[in-house]
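Single-letter residue listing:
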Amino acid sequence: MLVLTRRAGESVMIGNDVIITVLEARGDVIRLGIQAPRDIQVHREEVYRELQAANREAASPADDAVQAVTKMIQPPT
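Keep in mind that this is a model prediction, so the values were computed, not measured. (Residues numbered from 1 in each chain as written. Predicted model: local features only at pLDDT ≥ 70, side-chain atom pairs only at ≥ 80, totals over all residues. Heavy atoms only, no water.)

**Quick notes on the overall build of the protein chain**
Phase 1: Counting secondary structure elements, the protein chain contains two helices and three strands.
Phase 2: The order of helices and strands in the protein chain, counted from the N terminus, is β-β-β-α-α.
Phase 3: In terms of overall dimensions, the protein chain is more spread out than a globule: its C-alpha atoms have a radius of gyration of 23 Å, far above the 11 Å expected for 77 residues.
Phase 4: Overall, the C-alpha framework of the protein chain stretches about 75 × 30 × 20 Å when taken along its three principal axes.
Phase 5: The buried share of the protein chain, reckoned over its 77 residues, is 5%.
Phase 6: Across the protein chain, every contact between residues at least 6 apart in sequence was considered, and the portion connecting residues at least 24 apart equals 0%.
Phase 7: Of the roughly 7400 Å² that the protein chain leaves accessible, carbon and sulfur atoms contribute 53%.
Phase 8: Separation of charge centres in the protein chain, based on 9 positive and 11 negative side chains, amounts to 5 Å. (Helix = DSSP H or I, 4+ residues; strand = E, 2+ residues; numbered from the N terminus. Rg over C-alpha atoms; globule rule 2.2 N^0.38 Å. Buried < 20%, exposed > 50% of the residue type's maximum accessible area, 1.4 Å probe, protein only. Contact = heavy atoms within 4.5 Å. Areas by Shrake-Rupley, 256 points an atom, 1.4 Å probe, with all protein chains shown as cover. Lys, Arg positive; Asp, Glu negative; His and termini not counted. Charge placed at Lys NZ, Arg CZ, Asp CG, Glu CD.)

**Re the confidence of the model for the protein chain**
Phase 1: With 99% of its residues at a pLDDT of 70 or more, the protein chain has an overall mean of 91.
Phase 2: Put simply, helix α2 (residues 63-73) is where the protein chain has its lowest mean pLDDT, 82, and strand β1 (residues 11-14) is where it has its highest, 98. (pLDDT = per-residue confidence, 0-100.)

**Observations regarding the pairing of strand β2 (residues 18-26)**
Phase 1: Bridge count between β1 and β2: four bridges; the pairing is antiparallel. Paired with methionine 13 across the bridge in β2 is isoleucine 19.
Phase 2: The hairpin turn running from β1 into β2, its antiparallel successor, is three residues long, and glycine 15 in that turn takes a positive phi close to 65°.
Phase 3: Where β2 lies against strand β3 (residues 29-35), seven bridges are found, and the strand directions are antiparallel. Across the sheet, residue alanine 25 finds its bridge partner in β3, namely isoleucine 30.
Phase 4: Linking two consecutive strands that pair antiparallel, namely β2 and β3, is a turn of two residues; a positive phi of about 60° is found at glycine 27 within it. (Pairing = 2+ DSSP bridges.)

**Comments concerning the environment of isoleucine 40**
Phase 1: The residue isoleucine 40 is located in the loop between β3 and α1 (45-59) in this model.
Phase 2: C-alpha separation for the pair isoleucine 40 and lysine 71, spaced 31 residues apart in sequence, amounts to 42 Å.

**A word on the pattern of salt bridges**
Phase 1: Counted by the stated rule, this structure contains five salt bridges.
Phase 2: One salt bridge connects glutamate 46 with arginine 44, and the closest N-O pair in it is separated by 2.8 Å.
Phase 3: Residue classification places arginine 44 among the exposed residues on the basis of a relative accessible area of 55%.
Phase 4: Notably, a salt bridge pairs glutamate 45 with arginine 49, separated by 2.8 Å at the nearest N-O pair. (Salt bridge = Lys/Arg side-chain N within 4 Å of Asp/Glu carboxyl O.)

Set out below in structure tokens:
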């Protein structure tokens, strides 16, 4: 992990297109401004993890759904 020290108004560049600027620092709270192209998703970590979990759940069908589909595609006996 890269650790940097920045003051309010100072920025960090990520690649050529992403700029993270420290807007304000008060005690334990830091406000950041992020400039990034629209095609780059920017999320708080906890929101990102929730989205990933929801996507995994949506992509994993329930056992009863798998059994129903299996019965539908089996040839009649």
